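These are the residues of each chain, in order.
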Amino acid sequence: MVDYIEKVQKIVTPTMRAILVDWLVEVAVEYKLLSDTLHLSVSYIDRFLSVNPVSKSRLQLLGVSSMLIAA
């Protein structure tokens, strides 16, 4: 779903998602992960956010969990 942030998410904004992705890029560089791992992580995040509302406190947990699964 293209506009999932407006329709599904109550708290998460596009800016918050962008900050999360920027942080995941830093993590991927720090741990020398493949770029495919990062892309898959972001894909998992978007898929989850398009179906389930997420609180602000759980957003970073979603990001790191997605990266762990992708790795």
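Report follows, based on the coordinates. It should be emphasised that the depicted structure is a prediction, and the values quoted were computed from it without experimental measurement. (Residues numbered from 1 in each chain as written. Predicted model: local features only at pLDDT ≥ 70, side-chain atom pairs only at ≥ 80, totals over all residues. Heavy atoms only, no water.)

1. Some remarks on the nonpolar core
Then, number 1: With 15 residues, the main nonpolar core has Leu24, Ile45, Leu49, Val54, Leu59, Leu62 and Met67 as its most contacted residues.
Then, number 2: At 5 residues, helix 2 (residues 14–30) tops the list of elements feeding residues into this core.
Then, number 3: The residues touching Leu62, leaving out its near neighbours within four places in the chain, are Ile45, Phe48, Leu49 and Val54. (Core = buried A, V, L, I, M, F, W, Y, C linked by side-chain atoms within 4.5 Å. Buried < 20%, exposed > 50% of the residue type's maximum accessible area, 1.4 Å probe, protein only. Helix = DSSP H or I, 4+ residues; strand = E, 2+ residues; numbered from the N terminus. Contact = heavy atoms within 4.5 Å.)

2. Considerations on the pattern of salt bridges
Oppositely charged side chains can form a pair if their charged atoms are brought close together.
Then, number 1: Summed over the entire model, instances satisfying the criterion amount to 2 salt bridges.
Then, number 2: Across the salt bridge formed by Lys7 and Asp3, the nearest N and O atoms sit 3.4 Å from each other.
Then, number 3: The exposed category is assigned to Lys7, whose relative accessible area is 57%.
Then, number 4: Asp46 is the partner of Arg17 in a salt bridge, and the nearest nitrogen-oxygen pair spans 2.7 Å. With Arg17 in helix 2 and Asp46 in helix 3 (residues 35–49), this residue pair connects regions lying 29 residues apart in the sequence.
Then, number 5: Since its relative accessible area comes to 22%, Arg17 is described here as partly exposed. (Salt bridge = Lys/Arg side-chain N within 4 Å of Asp/Glu carboxyl O.)

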